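Residue-level listing of the chains:
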Amino acid sequence: MKRKIVTDSAFFFTDLPLDGDLIVPSAVFEELKDLNSKMRFEKYRESGLIVTGPDRKSVEEVKKAATKSGDISVLSPTDIDVAALAYETGAAVATDDFALSNTAQHMGIEVIPLQQRAAKKKKWRYRCTGCGRYYSEPGICEVCGLEIKRKVK
């Protein structure tokens, strides 16, 4: 039996092969803008690519993990769907997106890098660029009024 792989849209912008049963959330197709990536998507669809959506429970699990890892503010809804599908199907995730990769690793999901080296698992926190106070999310510091940015813990 082939392994299951959930991929994000980056896979369809490359000519890299993936050996496994491919699954994508329907939102991935909506991110494909150029003709080549759309044709590649259709080629894989004709040869068995599964296009489906994750259930709500899986989406909520991904959001919890992404909040805990500090990646929630930079994940797109499509990234969340990719991780949720991998979580509920027991599949690996094929991506070069760092936040998606990091969230997947925090959930115990195998990550297959496409063109970049594998990212190391990190936990993020948010710190004011002015006074250095720590916060639970990005925004504007209530003390000094400067931007709160994400940084490695």
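Higher on the page you've got the structure.
Residues numbered from 1 in each chain as written. Predicted model: local features only at pLDDT ≥ 70, side-chain atom pairs only at ≥ 80, totals over all residues. Heavy atoms only, no water.

I would appreciate a short explanation of helix α2 (residues 35-46) in the present structure.
The periodicity of an α-helix, 3.6 residues per turn, causes residues three or four positions apart to be oriented the same way. For α2, spanning 12 residues, the distance from its first C-alpha to its last is 16 Å, which sits close to the expected 16 Å at 1.5 Å a residue. By the burial criterion, the buried members of α2 are S37, R40, F41 and Y44. Projected onto a plane normal to the axis of α2, the buried residues spread over an arc of 100° and lie on a single side. In α2, the exposed positions angled more than 90 degrees off the buried face are occupied by L35 and E46. Summarising the contacts, the buried residues of α2 are in contact with β2 (21-25), α1 (26-31) and β3 (50-52). Between the side-chain oxygen of the N-cap and the backbone nitrogen of N36 there are 3.3 Å, and the N-cap of α2 in question is D34. G48 sits one or two residues past α2 and shows a positive phi near 115°. (Helix = DSSP H or I, 4+ residues; strand = E, 2+ residues; numbered from the N terminus. Expected span 1.5 Å × (residues − 1). Buried < 20%, exposed > 50% of the residue type's maximum accessible area, 1.4 Å probe, protein only. Arc of directions from axis to C-beta. Contact = heavy atoms within 4.5 Å. Polar contact = N/O pair within 3.5 Å; in protein donor to acceptor, adjacent residues only side chain to side chain.)

How do you make sense of the sheet that holds strand β5 (residues 111-113) when you look at a structure like this?
Consider a sheet: its strands pair through backbone hydrogen bonds, and that pairing is either parallel or antiparallel. Strand order in this open sheet of 5 strands is β3-β2-β1-β4-β5, and the pairing throughout is parallel. Of all strands in the sheet, those bounded by a partner on one side alone are β3 and β5. Within the sheet, the average angular offset between the axes of one strand and its neighbour, ignoring direction, is 30°. Sitting on the sheet, helix α4 (residues 77-89) touches β1 (4-7), β2, β3 and β4 (92-95), and the angle it makes with β2 is about 135°. Where helix α5 (residues 98-106) meets the sheet, its contacts fall on β4 and β5, and the angle it forms with β4 comes to roughly 165°. (Pairing = 2+ DSSP bridges. Axes fitted to C-alpha atoms, helices over the stretch in contact; angles between N-to-C directions.)

Looking at this structure, I do not really get the layout of surface pockets. What am I missing?
It is a probe the size of a water molecule, rolled over the atoms, that shows where empty space is left. What the largest pocket holds in volume is close to 200 Å³. Every residue lining the largest pocket is counted, 14 residues in all, and those nearest its centre are T67, G70, Y126, S136 and E137. Contributing elements (two or more residues each) for the lining of the largest pocket: α3 (56-69) and β6 (124-128). In terms of residues, the lining of the largest pocket owes the most to one element, β6, which gives 3 residues. Residue composition of the lining of the largest pocket, grouped by class: 5 nonpolar, 4 polar and 5 charged. (1 Å grid on protein atoms, 1.4 Å probe; cavity = no way out; pocket = protein on both sides within 12 Å on 5 of 7 lines; lining within 4 Å. Points joined across faces, edges and corners; volume = space filled by probe spheres on them. Nonpolar A, V, L, I, M, F, W, Y, C, P; charged D, E, K, R; others polar.)

Just to check I follow, could you spell out the packing of α3 against α4 for this structure?
The packing of two helices is summarised by the inter-axis angle and the distance between the axes. Put simply, α3 and α4 touch, their axes get as near as 8 Å, and they point 115° apart. One finds that α3 runs roughly perpendicular with respect to α4. α4 is crossed by α3, and the crossing has right-handed handedness. Seen from α3, the contacting residues are S58, V59, E61, V62 and K63; seen from α4, they are I80, D81, A83, A84, Y87 and E88. Of the residues that constitute the contact of α3 with α4, the class distribution is 6 nonpolar, 1 polar and 4 charged. (Parallel < 35°, antiparallel > 145°, perpendicular 65-115°, else oblique. Left-handed = near helix turned anticlockwise from the far one by under 90°.)

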